[in-house]
Amino acid sequence: MLQIKDISKQYKTGDFVQRALDDVSLTLRDNEFVAILGPSGSGKTTLLNIIGGLDRYDQGDLVINGISTKQYKDRDWDSYRNHTVGFVFQSYNLIPHQSVLSNVELALTISGVSRVDRRRRATEALNKVGLGEHINKKPNQLSGGQMQRVAIARALVNDPRIVLADEPTGALDSETSVQIMDLLREVAKDRLVVMVTHNPELAYEYANRIVELKDGVIRSDSRPVEREETGDETAAMHRRMGKASMSFATSVALSFNNLRSKKARTILTSFAGSIGIIGIALILSVSTGVNRYITDIQKETLTSYPIEINEQTFDMNKILDTAQATADSKEHAKPRNGIYPDDSSIKGAASLTNGIASNNLSPFKQYLDKPGNEVRAHVGDVGIQYSYAPKFSVFTHDAKGTLVDVDGVKVGGSSVTTESGASTLAGLDSSSNDIGHFQSLQISKLTGKADNNKAPAAFAEIMPGRHPDKQPISSVITDNYQVVKGHWPKSSDQVVLVLDKSNQIPLAQIYELGLLPSADYNDMMNRLQSGEKVKTNTDRIDYAKAMDQPLTLLPAADQYVKDGDGRYRYVGDDATEVGKLMDSPNAMKLHVVGVIRANEDAKTTPLTPGIGYTRMLTDELIAHADSSQIVASQKADRTRNILNGMTFAPSDDSTKAANAKAYVASLSVSQQASMAKNIMTQTPGGMGAAGPSQPADVTAQRNSAAGAAGNPAAAANPQNAASGMGEQQTADAFNRYLATAPENVLVSIYNQYVSTGTYDGNLADFGVIGRDAPSSIKIYADSFEAKNAIEDAIRKYNDGAKKKDRIVYTDYAGLMMNSVTTIINVITYVLSAFVGVSLVVSSIMIGIITYISVLERTKEIGILRAMGASKRNVSTVFNAETGIIGLCAGLIGIAVTLLLIVPGNAVMHHFMGTNRVNAMLPVSGAIILIVLSVVLTLIGGLIPSRKAARQDPATALRTE
Ligand code: ADP
Ligand code: MG
């Protein structure tokens, strides 16, 4: 029983109020066929919509089976429409893009009936209306009558108690109308059918009750219900009428079906939506490519030019600054009215000397090693490398059996040892005859300022791996070099031969390593000096030959022998002694276990051609020096130099004089002779050794010393000394003179020739290296940003450090790359701005597209609501749909972008002239963009879909 009690409904449009229903009361039986007649605009549709729960009444009450609907909530109405009511409309209201079957299934889909059930019941309903063969057609492939039958099947599929038909034959010809009416009469057999029509003939023929409506008021009722028939009504209460709500999965499935049934439209919409995504993805790809390139370049640059802090350093920045300042001051030309001194060369020289700085690396290392310091936070992949300069020599025999010092320069033509009976080592140095040689030799030998003990130039340590990894070889090396033969060193005695990219190493090194006879080299050099034609030997050498070459390493500490007087004597330049030492247990046989070459595309080549050894060897040599006997002896007496027996750095003249005598006495005969000769050449006016570049005061001192020392040589007949006189005689004369020489002469000899050395200097010569005192520190950053941060940290360190502990270094990367960083920043900002703009544009675009697609489907929303879909269902369906479109748009966008990148890169390579910039879409970026597309589309669709859901179903259905 359905009771309409005093229902009024009015529509307000502006000031105009239309009373569509005016206090209408009508009771409908559970099983009757009611026809509502009336002219157009009399309120028939309004009444039907109120009965069906599509529209709300303003006043009165609708009582359904004794239950008042006054307090019905939305979901009660939804459930009522879904389970109790079936609608048939004049204009069929089928969803055009869904098959007949899906249209009929809709009500079941909404109530969450399973797919199989749905299909069965829908097919049954379609069979009942005689359309069993048309279930897979689209509505527009059917005639009007057939469509209306589909609508009836849809109304019936949920087996509702009430079927409401609004002018079901209004659009049909009379013949078809009859068929539909027959069908409705059939339907009305076991339920309530309320049919609106303005065709009285059909009404009177088929209906068993006629209600006439005019101007919103019931004029007549052919079979009104008596008072007794109605029961007492109860207040509205929610009664579960079964599920009337779609699950989320159903919504998605429904929207997916929707989309599938309009493929072309979906693809076009998605494509339109994807354009924004394509834009972003392309810009993202390009910026990723450019950024990678930039990062690569930065990393390469900074790997080649790390922040390098050496014990002794030229502050290039300072020197360049001064040079610039000098150049600037020259520009401010003086007026041309007299003579002006040009001081630029003096200033230049001053800037050079000012530019020399020494760094106290120990406190800096301490700072770096403190956990959590600011520098560490910005250090790149390669990390911080501490280098130590271990002291050792390496010897080998060439093919002819000649003993070769691998560091050829060291013993170059040392005539000093020849005459004292020692055999000369095969030296490779062509510059052995220069005048300064004697002195430099003296200094190096006697002060212990022995460059002597420095590792051979051809030997370089291979950068070890990052500290915590404990890898013997850094990945910087293994990434940029390949092993062409053999393998990387695995232990301290294993070394590799390093070739350049074209498999070459300098010819001199070939000789130094004994791979070619050293005699040939000397011969070649002699020819070169005498201006003769030189033939170089550049024949191929087998890898195997190089790897077989026996190399013997002598640690610095082991190149001294203890003489009878308890002093230690350096014998690293004495072939006989070296020969003996090479057989001693301390000599280390080095094995060339591999040949490596810089890769063709190597980004940095920190190893110069020659021999590469590992940090393991360095460590071993440091440990060896610490435990050596000579170091122990020196440590036992900190005041006396164990090499020459002199007291370290005396301040009184008598000790200095004694030291001078002790020094001369410690020399060999030929050394004494050369010293005597040397002093002679320094007579005033002929200050060869002092050199013109010496600061004035030093030169003056030297001159006086030479003048004083000139006497003995003259006394010993300089003529003879210079030419015919034997070394022995010269030396004797010299000694005789010295025995009675006044103290001031001895002191000046001391000042000029003798240095007592220092305790620390001696230890350093013997190869003692403090772990806390590296010879250089290299800090590798991965980006300029990180590098700048590191430099800031160092600046801060300097601000906080004592003056002598401040760190000076040259920022080569900065000198080269300053402007590049600015350009990089600009590029990055521009690209980011592009991405931002295209993001906004694409969001707006997607929003508009979704909005239009929702507007366009208002009718469909009305149909869904009439079928009992809740507001939430409607918005879910729409959101699912927009979500799917967003996903498609994202996927299409990414796919198109990936396709475009290929020719795009080709074009870019062509115009940029480099293959190194490669636009590429990062996977994370692609995923984010797809998600973004979905989210943006959802947001774009949110407002319209809410609007759609809010729409009054009655109004929605009236929309054409
Ligand atoms: P019928 O179906 O009998 O032709 P309706 O029920 O559709 O009549 O309409 C009844 C009256 O209410 C009409 O005068 C119509 O103009 C008015 N009306 C119906 N719907 C609306 C609406 N959404 N807004 C304003 N007026 C409306
Ligand atoms: Mg109407």
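Parameters and conventions
Residue indices begin from 1 for each chain and proceed along its sequence in written order. Each chain takes a letter, starting from A, and each ligand takes a number, starting from 1, following the order in which they are written. The model is predicted, so local features are restricted to residues of pLDDT at least 70 and side-chain atom pairs to those at 80 or more, both for listing and for counting; the totals for chains, interfaces and linings are taken over all residues. Neither water nor hydrogens contribute to the side-chain values; these are computed over all heavy atoms in the structure. Here a pair means two rings of Phe, Tyr or Trp (six-membered ring of Trp) with centres within 6.5 Å. Their orientation is stacked below 30 degrees between planes, edge-to-face above 60, and tilted elsewhere. Partly exposed residues are those whose accessible area sits between 20% and 50% of the maximum for their type, while under 20% is buried and over 50% is exposed, using a 1.4 Å probe and protein chains only. Definition used for salt bridges: Asp or Glu carboxyl oxygen within 4 Å of a side-chain nitrogen of Lys or Arg. Numbered from the N terminus, helices here are DSSP runs of H or I no shorter than four residues, and strands are runs of E no shorter than two. To get an axis, a line is fitted to the C-alpha atoms, and for a helix only the part in contact is used. The angle between two axes follows their N-to-C directions and goes from 0 to 180 degrees. Each angle gets one of four labels, with under 35 degrees taken as roughly parallel, over 145 as roughly antiparallel, 65 to 115 as roughly perpendicular, and the rest as oblique. By the definition used in this description, the sense in which the near helix is turned from the far one sets the handedness, with an anticlockwise turn below a right angle giving left-handed and a clockwise turn giving right-handed. Throughout, a residue-residue contact means that at least one pair of heavy atoms, one from each residue, lies within 4.5 Å. Each residue is assigned to one of three groups, with Ala, Val, Leu, Ile, Met, Phe, Trp, Tyr, Cys and Pro labelled nonpolar, Asp, Glu, Lys and Arg labelled charged, and all others, Gly among them, labelled polar. The patches described consist of residues with a relative accessible area above 30% and no salt bridge, like charges being joined within 9 Å and nonpolar side chains (Val, Leu, Ile, Met, Phe, Trp, Tyr) within 5 Å. In these tables, accessible area is a Shrake-Rupley quantity obtained with a 1.4 Å probe, and a residue counts as shielded only by the protein chains included in the view. Near residues are defined by distance, with any heavy atom within 4 Å of the molecule or strand qualifying the residue. Polar contacts here mean pairs of N or O atoms no more than 3.5 Å apart (in protein, one a potential hydrogen donor and the other a potential acceptor; neighbouring residues in sequence count only if both atoms are side-chain atoms). UniProt positions are given in the numbering used here, feature names are shortened, and annotations may be inferred rather than shown by experiment. Strand pairing is assigned whenever DSSP identifies at least 2 bridges connecting the two strands. Throughout, nonpolar core names a set of buried Ala, Val, Leu, Ile, Met, Phe, Trp, Tyr and Cys residues whose side chains join them through atoms within 4.5 Å. For each domain, the first and last residues come from an automatic or database assignment. Expected helix span is taken as 1.5 Å per residue step, with the number of steps being one fewer than the number of residues. The directions considered for the arc run from the helix axis to the C-beta atoms.

Asker: Any chance you could break down the packing of aromatic side chains for me, citing the residues and the numbers?
Answerer: Under the definition given, this model contains 12 aromatic pairs. Considering the side-chain rings of Y72 and W77, the 4.9 Å spacing of their centres and the 65° angle between planes classify their relative orientation as edge-to-face. W77 shares its class with Y72; the two are buried. Geometrically, the ring pair formed by Y560 and F766 is edge-to-face, given 5.0 Å between the ring centres and 80° between the ring planes.

Asker: Give me the pattern of salt bridges: which residues, what numbers.
Answerer: The final tally for this structure, using the stated rule, is 34 salt bridges. Note that E124 and R120 form a salt bridge whose closest N and O atoms lie 3.4 Å from each other. With E124 and R120 both in helix α4 (residues 115-128) and 4 residues apart, this pair spans about one turn of that helix. The class of R120 is partly exposed, set by a relative accessible area of 44%.

Asker: Before we move on, could you go through the packing of helix α5 (residues 144-156) against helix α6 (residues 174-187) and cite the residues and values that matter?
Answerer: Remark: α5 packs on α6, axes separated minimally by 10 Å, with the N-to-C direction vectors making an angle of 10°. As judged from the angle between their axes, α5 and α6 are roughly parallel. The element α5 and its partner α6 pack so that their crossing is right-handed. For the pair formed by α5 and α6, the contact residues are G145, Q148, R149, I152 and L156 on the first element and T176, Q179, I180, L183, L184 and V187 on the second. Counted by class, the contact of α5 with α6 contains 6 nonpolar, 4 polar and 1 charged residues.

Asker: If you had to explain a nonpolar patch on the surface to someone new, which residues and values would you point to?
Answerer: Among the surface-exposed residues, L839, V840, I844, I848 and I852 lie close enough to one another that they form a single nonpolar patch of about 430 Å² accessible area. Tracing the backbone shows I844 in helix α30 (residues 812-855).

Asker: Go over the site of ligand 1, please, and point to the residues and values.
Answerer: Looking at ligand 1, the residues that line it are Y11, Q18, A20, P39, S40, G41, S42, G43, K44, T45, T46 and R958. T46 places a polar side-chain atom, nitrogen or oxygen, 2.5 Å from an oxygen atom of ligand 1. For ligand 1, whose accessible area on its own is 550 Å², the fraction buried by protein is 74%. If you list the elements that add at least two residues to the shell around ligand 1, you get β2 (16-28) and α1 (44-51). Its residues assigned to classes, the shell around ligand 1 comprises 3 nonpolar, 7 polar and 2 charged.

Asker: Account for the UniProt feature "transmembrane region" (unreviewed entry) in the protein, with residues named and values stated.
Answerer: Under the present numbering, the feature "transmembrane region" (unreviewed entry) in UniProt falls on residues 267-286, 826-855, 876-901 and 921-943. Between the end C-alpha atoms of residues 267-286 the distance is 27 Å, and the span holds 100% helix and 0% strand. From the first C-alpha to the last, residues 876-901 spans 36 Å; its make-up is 100% helix and 0% strand.

Asker: I'd like a description of the sheet that holds β2, backed by residues and values.
Answerer: One key point about sheets: their strands pair by backbone hydrogen bonds, in either a parallel or an antiparallel sense. Taken in spatial order, the 4 strands make up an open sheet running β2-β1-β4-β5, and their pairing is antiparallel. Lying at the two open borders of the sheet, with one neighbouring strand each, are β2 and β5 (67-68). In this sheet, strand β4 (residues 59-64) lies alongside strand β1 (residues 2-13) in antiparallel orientation, the contact comprising 5 bridges. Bridging from a neighbouring strand, I4 pairs with L62 of β4.

Asker: Go over the nonpolar core with me, naming the residues and quoting the values.
Answerer: The biggest cluster of nonpolar side chains holds 92 residues, and the ones touching the most others in it are L2, I4, L28, F33, L47, L126 and I152. Built from parts of two domains, this core gets at least three residues from each of domain 1 (2-244) and domain 2 (253-300 + 821-958). Sequence-distant contacts of L28, defined by excluding residues within four places in its chain, comprise M1, L2, I4, V34, I51, L192, V194 and R209. F459, I505, L590 and L617 belong to the second largest nonpolar core, which has 29 residues in total.

Asker: Any details on the sheet that holds strand β25 (residues 776-781)? Residues and values, ideally.
Answerer: One open sheet accounts for 3 strands, arranged β11-β25-β14; its pairing is antiparallel. With partners counted over all chains shown, the strands left at the sheet margins are β11 (307-310) and β14 (379-387), one partner each. The sheet shows a mean angle of 5° between the axes of neighbouring strands, taken without regard to direction. The pairing of β11 with β25 spans 4 bridges and is classified as antiparallel. Considered in β25, the bridge of I307 is made with I779.

Asker: If you had to explain α6 to someone new, which residues and values would you point to?
Answerer: Here α6 contains 14 residues, and its C-alpha end-to-end distance of 20 Å stays within 8% of the 20 Å for a straight helix at 1.5 Å per residue. When α6 is considered as a whole, its buried residues turn out to be T176, S177, I180, M181, L183, L184 and V187. Burial along α6 is one-sided: seen end-on, the buried residues are contained in an arc of 160°. Those residues of α6 that are exposed and angled more than 90 degrees off the buried face are S174 and E175. Looking at the packing, one finds that the buried side of α6 touches β3 (33-37), α4, α5, β7 (162-166), β8 (192-197) and α7 (200-206). Where α6 begins, the capping side chain belongs to D173, and its oxygen is found 3.2 Å from the backbone nitrogen of E175.

Asker: Requested: an account of the packing of helix α31 (residues 858-866) against helix α32 (residues 871-912), with residues and values cited.
Answerer: Packing of α31 against α32 leaves a shortest axis separation of 10 Å and a crossing angle of 135°. Between α31 and α32, the crossing angle belongs to the class labelled oblique. Considering the relative orientation of α31 and α32, their crossing is right-handed. For the pair formed by α31 and α32, the contact residues are I861, L864 and R865 on the first element and K871, V874 and F878 on the second.

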